[in-house]
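Chain residues, written in single-letter form:
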Amino acid sequence: MLSALFVVSSMIAIYTGIAYTLYLDMVVPLFVCLIYMRLDLRHTLLSSITSLLIVTFAIGDVASAIWMSQGILMGLICGYFIRKKETIFDDLFYSAILYRASVIAPVISAGV
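Here the structure is a predicted model, which means the values were calculated and not measured. (Residues numbered from 1 in each chain as written. Predicted model: local features only at pLDDT ≥ 70, side-chain atom pairs only at ≥ 80, totals over all residues. Heavy atoms only, no water.)

Participant: Give a description of helix H1 (residues 2-16) that names residues and reports values.
Facilitator: The end-to-end C-alpha distance of H1, which contains 15 residues, comes to 21 Å, matching closely the 21 Å that a straight helix rising 1.5 Å per residue would cover. For H1, the full list of buried residues reads Phe6, Val7, Ser9, Ser10, Met11, Ala13 and Ile14. Against the buried residues of H1 lie helix H2 (23-38), helix H3 (41-59) and helix H4 (62-83). Just downstream of H1 lies glycine 17, where phi reads positive at about 90°. (Helix = DSSP H or I, 4+ residues; strand = E, 2+ residues; numbered from the N terminus. Expected span 1.5 Å × (residues − 1). Buried < 20%, exposed > 50% of the residue type's maximum accessible area, 1.4 Å probe, protein only. Contact = heavy atoms within 4.5 Å.)

Right, here's the structure in full:
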């Protein structure tokens, strides 16, 4: 149910142009984090990849797809560290490292 809501809300937000305000920055990671908290990693990855492919092929907006994939990574990282039973400072430290690595690695590999 949450996956379907994620796909429909993503399609509406990207079609109307609302996606570039706060949807891709805040709502996509929130959806992915909630799906991860309710289900496990396998279902979350399947839901995220399916949503990303449906939005990409239906709309054809590559910039939104890249931005959405970064939000999916951020939601997975946040969901993982929320479910772990550690202190908040360890969670913040490791999630900051993982997020920076997930954002900087594609830039380095692209040669930018």
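We are not done yet, so read on.
Participant: Now, about the state of the cysteines: what can you tell me, with residues and values included?
Facilitator: Scanning the model with the defined rule gives 0 disulfides in all. Sulfur of cysteine 33: no disulfide; nearest cysteine sulfur belongs to cysteine 78 and is 5.9 Å away. Cysteine 78 gets classed as partly exposed once you look at its relative accessible area, which sits at 35%. (Disulfide = S-S within 2.5 Å.)

Participant: Now, about the side chain of serine 9: what can you tell me, with residues and values included?
Facilitator: Structurally, the position occupied by serine 9 is in helix H1. Separated by 2.9 Å, the side chain of serine 9 and the backbone oxygen of leucine 5 make a polar contact. Ignoring sequence-local partners within four residues, the contact set of serine 9 consists of Tyr23 and Phe31. (Polar contact = N/O pair within 3.5 Å; in protein donor to acceptor, adjacent residues only side chain to side chain.)

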